[in-house]
Structures are given as C-alpha cells and as structure tokens.
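Inside the fold
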Amino acid sequence: MSNKYDVVVIGAGPAGYVAAIRCAQLGLKTACVDKWLNENNKPSLGGTCLNVGCIPSKVLLESSELFELASNGIAEHGVEIKNAKLNLSAMMQRKQKVVSELTQGISGLFKSNGVTAYEGHGRLQAKNNIEVTGHDGKAQTLEAAHVILASGSRPMEIPSAPLDGEFIVDSSAALSFESVPERLGIIGGGVIGLELGSVWRRLGAEVILLEAQDEFLTMADSQIAKEGLKLFTKQGLDIRLGARVVACEVKKGKVEIEYQQKDETCHEKVDKLIVAVGRCPNTDELVSPDAELILDEWGVVHVDEHCCTSLPNVYAIGDIVRGPMLAHKGSEEGIMVAERIAEHHAEVNYDLIPSVIYTSPEIAWTGKTEQALKTEGIEYKTGMFPFAASGRARALGDTSGMVKVLADAKTDRVLGVHMIGPHCSELVAQAVIAMEFGASSEDLAVTMFAHPTLSEAVHEAALDVSNSAIHIARKRK
Ligand code: FAD
Ligand code: AMP
C-alpha cells in the first residue's frame, strides 16, 4: 500500500475523525493516525469525547439521575419504589458498553468511507511528512499533500494538587471510581467539575466544590448562573466560591486540602479529590522542531479563521486551537477544513457555538450574554419565560429555571438565548437555528410550536420580548 495521501489527520477525536470522514466523502485519499489505548490497552477511536469525556459523563449523568429519581424523586408521581439499590459495577459496565459500541462505530465509519486508520503516535516532520510510531515501537513515514492536526487535549495539572491516581485524580479517573466516596472534593467549578459533582452527589457522596473565582460560571449569562448556583446548592452541592486550593496532602487514606478564601486559610478533608481545573492542548510531541509550527505559550496552535496554521497546507482543529474546548466546535472545524481542502466554500460561525452544562436542570446558551451586551454598549430588549408556567414542565414535575431571549433594541434581531431547565441541551438547538438564519424575536414569536412541549418556553420568551407572552402575567408598562 502506498504511503502517499491527499490528507493525513493526526488524532481521531470528534475534530479529527469527522475531518477524516468528510475528506474521504469528498474523494480525497485519507489516513487518520491515532494513539489512544483504552483501559485494556486496546486502540480505541473517538478521542477524549468518546473514551473519557462527553459520552461516558453523559451515560453516568443519565444513570445517576435515574438512581436519584428511583431513590426519592418519583413518589409525587404516585410511583413508590422501596429500597432502590445502587449497583455501581453494573452502572460502570453499561457506561463501558456504550463507549465500546461508539468507538467501534468510528472504526466501522472509517472502513465504510475508505479512511485508512494508523494506530500509533503521529508526528509532523518537515515537508508534510508524518512519522507514525506504532504501539510496537516500529516507525513508518506517510507523505501528505495536506495535514490536519487534531491531537486534542488532556486534563490540566496543578502543583498544589499533584495527581496520585488513587486519592487525587483527574476527570478520566473520576468516571471510573469503584465505590462512591463518602466525602468528595472537586477543584474547579467549571462544566466538568459540576457534571462530575452532580453524578457522585446523586450516587450518595457529599460533594464539596472549591472554585477560585468569586463568581459562579462566569462564561454563562449571569442571571442564569445565579439561578444555577441557587438550584445546585439546594440540591446539596457545597459550592465554595473564591476558594483557591494552595496545597493538598494524602494522609492516612484521606486528602487534606488547604485553600485560601477571603484572606483566610481554610482546611478540608475528603476521601477523594477530583482536579477539574481545565485542559491543555496535546502539542508537545506533535511536531518536530524543523517543522516550525507557531504555537503560543500555552501550546495552543496559532490558526486563522479557517484553521490554517503558519505552515502551508497544514491545518489545526479542535481543542488544540483557540475557542471553547467543545466536541461540536472541533467537528465543525473538521468539516470546514475538509471542504476547503476540496476547494469548496465553507465557514464556521464562531458566534453561534452552543454551550451546554448537563447538570439537572441543564444550562444551555448561544450568542451573547446580557453582561457582554452591556459591556459592548449594545442596546437590547429581554424576553423571559419560566418553566413553572409551562404545562409540559409541570407534567414532567421539573419546573425549575427559565428561557431568556435577548434581541437588538432597534432591529429586533436575536442576539442571545440563555436557558436553565429541563432538556435545555435540546432546546438550545432551536435558538441556534433561528439565529443562524438571522431571526428576529418576532420571527420566533410568529412561529407555531407544538403543545404541550418544553419548546413553548422558547416561543413564549420570544413573545415576551414585545410583552406579548400569553402564559405569564403581563408586565406593567
Ligand atoms: P480529543 O477528543 O482529545 O482527541 C484527540 C485524539 O488525538 C486522541 O485520541 C489522542 O489520543 C490523539 N492524539 C493526540 N496526540 C496524538 C499524536 N501525536 N498522534 C496520534 N494521535 C494523537 N465537549 C462537548 O462538546 N460536550 C460535552 O458534553 C463534553 N463533556 C466533556 C466531559 C468531560 C469529562 C471531558 C473531559 C470533556 C468533555 N467535553 C465535552 C470536551 C470534549 O471532550 C473535547 O472538546 C473534545 O473531545 C475535543 O476533541 P478533539 O478531537 O479536539 O480532541
Ligand atoms: P473549566 O476551565 O471550565 O474547566 O473550569 C476550571 C475552573 O477551575 C475555573 O473556573 C478555575 O477558576 C478553577 N480553578 C483553577 N485553579 C484552581 C485552584 N487552585 N483552586 C480552585 N479553583 C481553581
């Protein structure tokens, strides 16, 4: 088999595997190199997302929510379950089964699309040659007309909480605890910290979340974040803001944490500690020095809006480039790059990346937050609708939260949609579609939504922009 390709992709996460499949669909001879080995030391495509990220975390969020509901959540529906019992090992086995089915699915997609998979470490050399070192140590060189770098990211480590793999762990290990810790500490109140905290709290752990920033979820709309903080605290997550962890030590099977909060030195003792302080790009062993790729001080690959790097015909996508570290953002970049290699027109709309936090209730948004509009001096109108006024939310028994629509004061164009409540991860797509087509709040308001659905909350929030929501009390003029 010739080692010459139109495109070689390094990394088979959601950025790389999607790019490889689209390249092959467009008739380009494509290879994808990936080095991931699963817990059985077997190659496993899909990167962080499928192996230790989006998918296993959502499986556990779903399972733990069912456990919590079975334990104490559905009696009000008239369904009584006596002595619901947790079988953690079965829960973990199910998670692993979902992961294996999906990762094997990517192998199948590669085969059916004609993408050649190489197992091992890929390294870009000068002149777009890629050295692939297999898991057996044997090396071979691939020649590529175009190279797509998609090597993803790994959990960030901090000196104040050195990982030991048993008591102080990263997000990957926290998806595979063999028992429920009695007291669980989490450093970092970002998306990953909140999702993992929710899983283990629902399964019975007492969760203490230490977040260095004084404000909660600064990237979200501040009104939604405030609502989230109130609801998560009520659920029992002990969220301590302005709490910077400065030292940790494992003593007699417990983790002793020292943190600074408002000039005070505080202490906490937990059974396990998850470090969820962000992720850093996998770019240290990606490129040989003679390839002269420009990276910033954090190892992020410098790219333009079309993901072109400083090297001709070398692109970079996903978690190794600027922007939020989200699977769908990397996948869209992968498709854009594949299309552009095939000389088609393609862009990514970076203004409309949906963000979701899969807590219960879920938080989701797209476009600008209210605080950003204020900072940018853009005049806007607001429409809001609480799920408490939604018939469907009442039927579900899940009425917390609201949808908020922000529209330009002059043009009425929708500038941002923010929500916290049931199934918001699904509802946010409506906002993205509407905004992608340049919708005004009136466009959403005159659109018909099925009844009774949670989507009606989006409709009513859009109606509320012009004070014409039907199912909430009329605002005084
Ligand atoms: P990755 O998925 O990291 O894949 C990169 C691949 O490249 C890996 O297989 C790696 O082994 C391989 N590789 C690296 N270097 C080389 C090399 N030199 N040679 C060969 N192979 C190499 N995002 C969401 O959008 N939604 C979510 O719900 C969500 N939940 C998450 C939950 C958790 C717990 C975590 C940790 C992350 C979550 N994310 C979520 C983030 C998401 O997983 C990442 O943004 C996404 O996986 C990045 O995709 P990627 O393709 O850039 O990189
Ligand atoms: P994210 O980047 O969304 O995954 O969130 C990571 C969070 O960890 C951020 O909100 C940081 O403020 C927080 N963080 C980083 N270092 C520390 C620390 N030493 N103590 C507490 N929180 C931290």
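Please refer to the structure higher up on the page.
Here we summarise the structure given alongside this text. Keep in mind it's a predicted model, so treat the numbers as computed, not measured.

Definitions and limits used
- Residues numbered from 1 in each chain as written.
- Chains lettered and ligands numbered in written order.
- Predicted model: local features only at pLDDT ≥ 70, side-chain atom pairs only at ≥ 80, totals over all residues.
- Heavy atoms only, no water.
- Pairing = 2+ DSSP bridges.
- Helix = DSSP H or I, 4+ residues; strand = E, 2+ residues; numbered from the N terminus.
- Contact = heavy atoms within 4.5 Å.
- Axes fitted to C-alpha atoms, helices over the stretch in contact; angles between N-to-C directions.
- Near = heavy atom within 4 Å.
- Polar contact = N/O pair within 3.5 Å; in protein donor to acceptor, adjacent residues only side chain to side chain.
- Areas by Shrake-Rupley, 256 points an atom, 1.4 Å probe, with all protein chains shown as cover.
- Expected span 1.5 Å × (residues − 1).
- 1 Å grid on protein atoms, 1.4 Å probe; cavity = no way out; pocket = protein on both sides within 12 Å on 5 of 7 lines; lining within 4 Å.
- Points joined across faces, edges and corners; volume = space filled by probe spheres on them.
- Nonpolar A, V, L, I, M, F, W, Y, C, P; charged D, E, K, R; others polar.
- Buried < 20%, exposed > 50% of the residue type's maximum accessible area, 1.4 Å probe, protein only.
- Phe/Tyr/Trp six-rings, centres within 6.5 Å; stacked < 30°, edge-to-face > 60°.
- Lys NZ or Arg CZ within 6 Å of the ring centre and 35° of its normal.

This part covers the sheet that holds strand 8 (residues 168-169). One open sheet accounts for 5 strands, arranged 8-15-9-10-11; its pairing is parallel. The sheet is open, and its two edges are formed by strand 8 and strand 11 (238-240), each paired on a single side. Pairing of strand 8 with strand 15 (residues 272-275), which is carried by 2 bridges, proceeds in the parallel orientation. Within strand 15, the position partnered with I168 by the bridge is L273. Packing against the sheet, helix 5 (residues 191-202) makes contact with strand 9 (183-187), strand 10 (206-210), strand 11 and strand 15, and its axis sits at approximately 165° to strand 10.

Residues in contact with ligand 2 amount to 15 residues; listed here are only the nearest, G188, E211, A212, A243 and V245. Here E211 contributes a side-chain N or O atom positioned 2.7 Å from an oxygen atom of ligand 2. A212 is positioned such that a nitrogen or oxygen atom in its backbone is 3.1 Å from a nitrogen atom of ligand 2. Burial of ligand 2 by the surrounding chains reaches 76%, relative to a free accessible area of 510 Å². The leading source of residues in the shell around ligand 2 is strand 12 (residues 243-251), at 3 residues.

The terminal C-alpha atoms of helix 6 (residues 222-235) lie 20 Å apart, and with 14 residues this matches the ideal 20 Å at 1.5 Å per residue to within 8%. At its buried positions, helix 6 is contacted by helix 5, strand 11, strand 19 (362-367), strand 21 (402-408) and strand 22 (414-421). Between the side-chain oxygen at the start of helix 6 and the backbone nitrogen of Q223 there is a gap of 3.2 Å, and the oxygen is on D221. Just downstream of helix 6, G236 is the residue with a positive phi angle, here 115°.

A separate point is the layout of surface pockets. Taken as a whole, the second largest pocket holds about 1200 Å³ of empty space. Around the second largest pocket sit 32 residues that line it, and E65, L69, S360, P361 and D398 are the ones nearest its centre. The element that contributes the greatest number of residues to the lining of the second largest pocket is helix 3 (residues 54-73), accounting for 10 residues. For the lining of the second largest pocket, a count of residues per class yields 10 nonpolar, 11 polar and 11 charged.

Looking at ligand 1, there are 37 residues lining it, with D34, T48, K58, G122 and A327 nearest. The contact in question runs from an oxygen atom of ligand 1 to an N or O atom on the side chain of D34, over 2.7 Å. Within the complex, 95% of the 1000 Å² of free accessible area of ligand 1 lies under protein. The biggest single contributor to the shell around ligand 1 is helix 2 (residues 47-52), with 4 residues.

All right, on to the sheet that holds strand 18 (residues 355-357) then. Here we have 5 strands laid out as an open sheet, ordered 18-19-22-21-20, and antiparallel in their pairing. Each of the sheet's edge strands pairs with one partner strand only, and the pair in question is strand 18 and strand 20 (380-386). Shown here is a sheet whose adjacent strand axes are inclined to one another by a mean of 10°, direction ignored. Pairing of strand 19 with strand 22, which is carried by 6 bridges, proceeds in the antiparallel orientation.

Moving on, we come to the pairing of strand 21. Taking burial as the measure, the 7 residues of strand 21 include 7 buried ones, the bulk of the element. Here strand 21 shows a buried face lined by M402, K404, L406 and D408 and a second buried face lined by V403, V405 and A407. Pairing of strand 20 with strand 21, which is carried by 7 bridges, proceeds in the antiparallel orientation. Paired with K381 across the bridge in strand 21 is A407. What sits between the antiparallel neighbours strand 21 and strand 22 is a turn of 5 residues, in which D412 has the positive phi angle 70°.

What follows deals with the packing of aromatic side chains. In total, this model carries 3 aromatic pairs according to the counting rule given. Between Y5 and Y118, the ring centres sit 6.1 Å apart and the planes meet at 90°, which makes this aromatic pair edge-to-face. Residue Y5 is located in strand 1 (residues 4-10), and its partner Y118 is located in strand 3 (residues 116-119); the two are separated by 113 residues in the primary sequence. A single burial state applies to Y5 and to Y118, both of which are buried. When the ring of F216 is compared with that of F232, the centres are 6.2 Å apart and the planes differ by 70°; the resulting orientation is edge-to-face. Here the residue F216 occupies a position in the loop between strand 10 and helix 6, and F232 occupies one in helix 6, the gap between them amounting to 16 residues. F232 gets classed as buried once you look at its relative accessible area, which sits at 0%. The residue whose ring lies beneath K29 is Y5, and the NZ or CZ to ring-centre distance is 4.6 Å. Positioned above the aromatic ring of F167, the side-chain terminus of K272 is 5.9 Å from the ring centre.

Nothing here speaks to function; it is all geometry.
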